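Chain residues, written in single-letter form:
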Amino acid sequence: MTVDGASNIHGAEAGIVLVSLAGTVHESSVSIGYPATNNEAEYEALIAGLKLALRMEADSVHIYRHPNLA
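Residues numbered from 1 in each chain as written. Predicted model: local features only at pLDDT ≥ 70, side-chain atom pairs only at ≥ 80, totals over all residues. Heavy atoms only, no water.

Per an unreviewed UniProt entry, the protein chain goes by the name RNase H type-1 domain-containing protein and belongs to Rhododendron griersonianum.

Here is the structure:
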C-alpha cells in the first residue's frame, strides 16, 4: 500500500493505492472534512488504507509513503 496526503488553503485529501499479491490495483481517495496539516492528511490516508485492507481481508500489508514527499 502506498499512501499520500496533502493539505492547502482549499482543503485536505488523502490518496491510497493498494496492490494485491495477484497484482490487482485498488485506488481510493478521501476528502478530509477538517483543516488538516500535511502530516494529518498523511495519517488519514494511512488509516483509510488500513480500513480498505481490512475490507479486502488482507493477511499482511506493506506500507509505503509516496516517494516524492520529503
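Q: Mind showing me how you'd approach the overall build of the protein chain here?
A: Across its full length, the protein chain carries 1 helix and 4 strands. Reading the protein chain from its N end, one meets helices and strands in the order β-β-β-α-β. Relative to the 2.2 N^0.38 estimate, which gives 11 Å for 70 residues, the radius of gyration of the protein chain is 12 Å and therefore close to what a compact globule would have. Here the C-alpha coordinates of the protein chain stretch approximately 40 × 25 × 15 Å along the principal axes. Across the 70 residues of the protein chain, 23% fall into the buried class. Long-range pairs, those at least 24 residues apart, make up 49% of the contacts in the protein chain with a sequence separation of at least 6. Element-wise, carbon and sulfur atoms account for 54% of the exposed surface of the protein chain, whose accessible area totals about 5100 Å². (Helix = DSSP H or I, 4+ residues; strand = E, 2+ residues; numbered from the N terminus. Rg over C-alpha atoms; globule rule 2.2 N^0.38 Å. Buried < 20%, exposed > 50% of the residue type's maximum accessible area, 1.4 Å probe, protein only. Contact = heavy atoms within 4.5 Å. Areas by Shrake-Rupley, 256 points an atom, 1.4 Å probe, with all protein chains shown as cover.)

Q: When you look at helix H1 (residues 38-55) in this model, what are you seeing that I'm missing?
A: Helical periodicity: at 3.6 residues per turn, an α-helix aligns residues three or four positions apart in one direction. With 18 residues, H1 ought to run about 26 Å at 1.5 Å a step, and its terminal C-alpha atoms sit 26 Å apart, in line with that. Among all positions in H1, only Ala 41, Glu 42, Ala 45, Ala 48, Gly 49, Leu 52 and Ala 53 are buried. Relative to the axis of H1, the buried residues are bounded by an arc of 140° and lie together on one face. Facing away from the buried side of H1 by more than 90 degrees, the exposed set consists of Asn 39, Tyr 43 and Leu 54. The inward-facing, buried residues of H1 abut strand E1 (2-8), strand E2 (11-19), strand E3 (25-32) and strand E4 (64-65). (Expected span 1.5 Å × (residues − 1). Arc of directions from axis to C-beta.)

Q: Please clarify how the pairing of E1 should be interpreted in this entry.
A: In summary, the side chains of a regular strand alternate between the two faces of the sheet. Where E1 meets E2, 7 bridges bridge the pair, whose relative direction is antiparallel. Bridge assignment links Ser 7 to a residue of E2, and that residue is Ala 12. Count of turn residues in the E1/E2 antiparallel hairpin: 2 residues. (Pairing = 2+ DSSP bridges.)

Q: Looking at this model, I keep getting lost on the sheet that holds E4. Mind explaining?
A: By definition, the strands of a sheet pair up through backbone hydrogen bonds, in either a parallel or an antiparallel sense. Overall, mixed pairing links the 4 strands, which are arranged E3-E2-E1-E4 in an open sheet. Each having just a single partner strand, E3 and E4 make up the two edges of the open sheet. Of the strands in this sheet, E1, E2, E3 and E4 touch H1, which is tilted by about 35° from E2. (Axes fitted to C-alpha atoms, helices over the stretch in contact; angles between N-to-C directions.)

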